[in-house]
Amino acid sequence: MHKPLTPAAIFLLLFFIAFIAGQTGIPVEDGGEFLTVARLGGTNHPPGLPLLSLSSRVSLILFGREGLRVLFALFAALALKLINRKTSIPLILFTAGILLLPSLSERLLAWDAYGPLFLIFAITLYRKPAVGLEGGYLMGLALAIHPQGIFLPVLFCWKKDSIPRFFAGLILGSSLYLALPVYSASGAIVDWGNPGSPVNFLRQITAGGYREVYGSRMGSFSFRTVIRHLTELWNMFWPVLLLPAAIGTIQLFRENRKLLLKPGILLMADLIFVVLVNPMAAGTSQTAILSLLAILMLSITGISVIEKWRRSAGIVAAGAILAAGIINWNPLPDQSDDITGCFASAPLESIIFFSSNDLLYGGWVMKYVDDRRPDMVLLSTGNFSGWFERMATWFNPEVNLSRTVLDVGDYSMSREELANRLINATVQDNPDHPVLTD
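All of the points below concern the structure found in this document. Model, not experiment: these values are computed from the prediction.

## Digging into the sheet that holds strand S7 (residues 435-437)
Adjacent strands of a sheet pair through backbone hydrogen bonds, lying either parallel or antiparallel.
And then number 1: Spatially, 3 strands are ordered S6-S5-S7 in an open sheet, and the strand pairing comes out parallel. Since the sheet does not close on itself, it has two edges, and those belong to strand S6 (377-380) and S7, each with one partner. Ignoring strand direction, the axes of neighbouring strands in this sheet form an average angle of 25°.
And then number 2: Two elements, strand S5 (residues 351-354) and S7, share 3 bridges in a ladder whose sense is parallel. Of the residues in S7, the one forming a bridge with Ile351 is Val435.

Below, the structure written as structure tokens:
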């Protein structure tokens, strides 16, 4: 009678740990953007991430300022429970430790696309769908989170093929991208990329802006990128996952070498994606999510082998992982003090241009989410899209930001020159507002 409650109890335990270890305050990197979208509604940076945008919005409506913390705790707890189907004490200790090891928890709990993408991969690993309607739908959902969803078929069951049903499911899942033009047409405040027109919609979902900025670094091989990626993988293995992962690898090699294909392909796919598509983030928590899944698959097998050999040894091995997580745990970065310090000395009604996305998105959280310093206008030196200015003047209509790139120059100029000209134009057009840069 109590057996069905056991998985639920484990899930609740994992959720509690994930929530306690989750993001607090004002996050760095893209977390502030996601929180602002949750508060105001709209779309995220290219390719738009509609599933994450919509779920973030729902989480804030239901749980307020803690909404994203709750949402990502749910993502992580559910993903780890699906990957680890067993309910033994060693495996419970193991999954609890995963949520506390810094190099792993930051990928699962930081407010970014990688936690929910990991969940979709975990669901697929659990379900083992055929190349049919379900598989196509899950892949569509994955692509509605992040382009790395293209690798989801690695986890499919390839014994049954139904290509037409697969594409039907793919269209159904990826149809969430239609939220982008709908949001844009309805006047969303955060209208990243203005995806209301067909041209801008295609540019948004294909991450055209990223290619324009980082195109020279994409598609070419770099040893430095490989070394940074491999170093990050080592940080994920060391100090406590190396042994169980090695034991799991040896066990699968002995019993069924075909079972090594999936984690091996995931590791290789992750490396290819980082090297050719996203070398800018190599060695950071914004990569290696597929590698994390592969490492956990091997490590869970290793813990199970140790447990079968001797239950007490399994508890010791898993307990060491949990202990390492507790000892090494570091809270996710909170830049609340930096944001407060940055804006405390800013004069009233300041217009501030930021080159740092951390400060820009942190300022968004302060102004649009926490309703502090509504007098300030926050702009970017690296983004000349009109919606940035429309977002600013929506809340501060007295500010004149009418001059565009074509009014002060043209797109053949460097970003630095255009930024300087736009800042000078803003100074001239707003004599009653102090204009600052970071």
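## A closer look at the packing of aromatic side chains
And then number 1: All chains considered together, the criterion is met by 17 aromatic pairs.
And then number 2: Taking the centre distance of 6.3 Å and the plane angle of 65° together, the rings of Trp364 and Trp387 count as edge-to-face. Of the two residues, Trp364 sits in helix H19 (residues 357-369) while Trp387 sits in helix H20 (residues 386-395), which places them 23 residues apart along the sequence. The same class applies to Trp364 and to Trp387, which are both buried.
And then number 3: Between Tyr368 and Phe395, the aromatic rings sit 4.9 Å apart at their centres with planes inclined by 45°, giving tilted as the arrangement. Of the two residues, Tyr368 is situated in helix H19 and Phe395 in helix H20; the sequence distance between them amounts to 27 residues.
And then number 4: Accessibility expressed as a relative area gives 3% for Tyr368, which makes it buried.
And then number 5: A cation sits over an aromatic face here: Arg69 above Phe19, 4.2 Å from the ring centre.

## Comments concerning unusual backbone geometry
And then number 1: At the junction of Pro46 and Pro47, the peptide bond is cis and its omega measures out at 10° in the coordinates.
And then number 2: Residue placement: Pro47 occurs in the loop between strand S1 (42-43) and helix H3 (50-63).
And then number 3: Of the consecutive residues Trp238 and Pro239, the connecting peptide bond is found in the cis state with omega at 15°.
And then number 4: Mapped onto the fold, Pro239 is located in the loop between helix H13 (223-237) and helix H14 (242-255).
And then number 5: Its identity as a non-glycine residue notwithstanding, Lys128 has a phi of 50°, on the positive side.
And then number 6: Looking at the element boundaries, Lys128 is found in the loop between helix H7 (114-127) and strand S2 (130-131).
And then number 7: For Lys128, a relative accessible area of 41% gives the class partly exposed.
And then number 8: Although it is not a glycine, Glu349 adopts a positive phi angle of roughly 60°.
And then number 9: Residue placement: Glu349 occurs in the loop between helix H18 (336-344) and S5.

## A short note on the pattern of salt bridges
And then number 1: The final tally for this structure, using the stated rule, is 8 salt bridges.
And then number 2: When the shortest N-O distance is used, the salt bridge between Arg373 and Asp375 registers 2.9 Å.
And then number 3: A residue is classified by how much of its surface remains accessible, and Arg373, at 18% relative accessible area, is buried.
And then number 4: A relative accessible area of 16% places Asp375 in the buried class.
And then number 5: Between Arg421 and Glu417 there is a salt bridge whose closest N-O contact spans 2.8 Å. With a gap of 4 residues between them, Arg421 and Glu417 both fall in helix H22 (residues 415-429), about one helical turn apart.
And then number 6: Beyond isolated ion pairs, a larger network of salt bridges with shared partners links Glu106, Arg107 and Glu232.

## Comments concerning H22
And then number 1: The terminal C-alpha atoms of H22, which comprises 15 residues, lie 21 Å apart, in line with the 21 Å expected from a rise of 1.5 Å per residue.
And then number 2: On its buried face, H22 is in contact with S5, helix H21 (405-408) and S7.

## Re the layout of surface pockets
And then number 1: Estimates place the volume of the second largest pocket at around 850 Å³.
And then number 2: Taken together, 28 residues line the second largest pocket, and the ones lying closest to its centre are Leu125, Lys128, Leu259, Met297 and Thr301.
And then number 3: Elements that contribute at least two residues to the lining of the second largest pocket include exactly helix H4 (67-83), H7, strand S3 (157-161), H14, helix H15 (261-276) and helix H16 (289-309).
And then number 4: Among the residues forming the lining of the second largest pocket, the class breakdown is 16 nonpolar, 4 polar and 8 charged.

## Overview of the nonpolar core
And then number 1: Counting residues in hydrophobic clusters, the biggest one holds 105 residues, and the most contacted among them are Phe94, Ile98, Leu108, Phe118, Leu266, Leu293 and Trp364.
And then number 2: In terms of nonpolar packing, the next biggest core, distinct from the first, is built from 8 residues, Ile351, Val377, Leu379 and Val399 among them.

## Comments concerning the packing of H16 against helix H17 (residues 311-328)
And then number 1: Packing of H16 against H17 leaves a shortest axis separation of 5 Å and a crossing angle of 145°. Side by side, H16 and H17 meet where Ile303, Ile306, Glu307 and Trp309 of the first sit next to Arg311, Ala313, Gly314, Ala317, Ala318 and Ile321 of the second.
And then number 2: A class-by-class count of the residues in the contact of H16 with H17 yields 7 nonpolar, 1 polar and 2 charged.

## Points about the pairing of S6
And then number 1: Burial along S6 is two-sided: the face carrying Val377 and Leu379 and the face carrying Leu378 and Ser380 are both buried.
And then number 2: Of the crossover connections in this fold, the one passing from S5 over H19 to the parallel S6 is right-handed.

## Re the environment of Ser414
And then number 1: Mapped onto the secondary structure, Ser414 falls in the loop between H21 and H22.
And then number 2: Measuring from C-alpha to C-alpha, the distance between Ser414 and Ser385 comes to 15 Å, with 29 residues separating the pair along the chain.
And then number 3: There is a polar contact of 3.2 Å between the side chain of Ser414 and the backbone nitrogen of Glu417.

## Some points on the pairing of S5
And then number 1: Where burial is concerned, the two faces of S5 agree: the one with Ile351 and Phe353 and the one with Ile352 and Phe354 are both buried.
And then number 2: Pairing of S5 with S6 involves 4 bridges; the strand directions are parallel. By the bridge assignment, Ile352 is partnered in S6 with Leu378.

Reading guide: rules and limits
For every chain, the first residue of its written sequence is number 1, and the numbers climb from 1 along that sequence. Where totals are concerned, whole chains, interfaces and linings use all residues; where local detail is concerned, this predicted model gives features only for residues with pLDDT of at least 70, and gives and counts side-chain atom pairs only at 80 or more. To get the side-chain values, all heavy atoms of the structure are used, and hydrogens and water are removed first. At least two bridges found by DSSP between two strands are what make those strands a pair. In DSSP terms, a helix is any run of H or I states spanning at least four residues, a strand is any run of E spanning at least two, and both are numbered starting from the N terminus. Here an angle of 0 to 180 degrees is reported between the N-to-C directions of two axes, which are lines fitted to C-alpha atoms, with helices fitted over the stretch in contact. Between rings of Phe, Tyr and Trp, where Trp is taken as its six-membered ring, a pair exists when centres lie within 6.5 Å; planes separated by under 30 degrees are stacked, by over 60 edge-to-face, and by other angles tilted. Burial classes follow relative accessibility: with a 1.4 Å probe on protein chains only, a residue under 20% of its type's maximum area counts as buried, one over 50% as exposed, and anything between as partly exposed. Remark: a charge is flagged as sitting over a ring if the NZ atom of Lys or the CZ atom of Arg is within 6 Å of the ring centre and within 35 degrees of the ring normal. We count a salt bridge whenever a side-chain nitrogen from Lys or Arg sits within 4 Å of a carboxyl oxygen from Asp or Glu. For a helix, the expected span equals 1.5 Å multiplied by the number of residues minus one. By the convention used here, residues are in contact when the closest approach between their heavy atoms is within 4.5 Å. Residues are called lining when one of their atoms sits within 4 Å of a cavity or pocket point, these points coming from a 1 Å grid over the protein atoms alone, where a cavity is a set in which a 1.4 Å probe fits but cannot get out and a pocket is an open set with protein on both sides within 12 Å along at least five of seven lines. Grid points are joined across faces, edges and corners, and a volume is the space filled by probe spheres set on the points. Residues are grouped as follows: nonpolar covers Ala, Val, Leu, Ile, Met, Phe, Trp, Tyr, Cys and Pro; charged covers Asp, Glu, Lys and Arg; every other residue, Gly included, is treated as polar. We call a set of buried Ala, Val, Leu, Ile, Met, Phe, Trp, Tyr and Cys residues a nonpolar core when their side-chain atoms join them within 4.5 Å. The path from the first strand over the helix to the second decides the hand: if it runs clockwise while the strands point away from the viewer, the crossover is right-handed. Polar contacts, as counted here, are pairs of nitrogen or oxygen atoms within 3.5 Å of one another; within protein the pair requires one atom able to donate a hydrogen and one able to accept it, and residues that are adjacent in sequence qualify only if both atoms are side-chain atoms.

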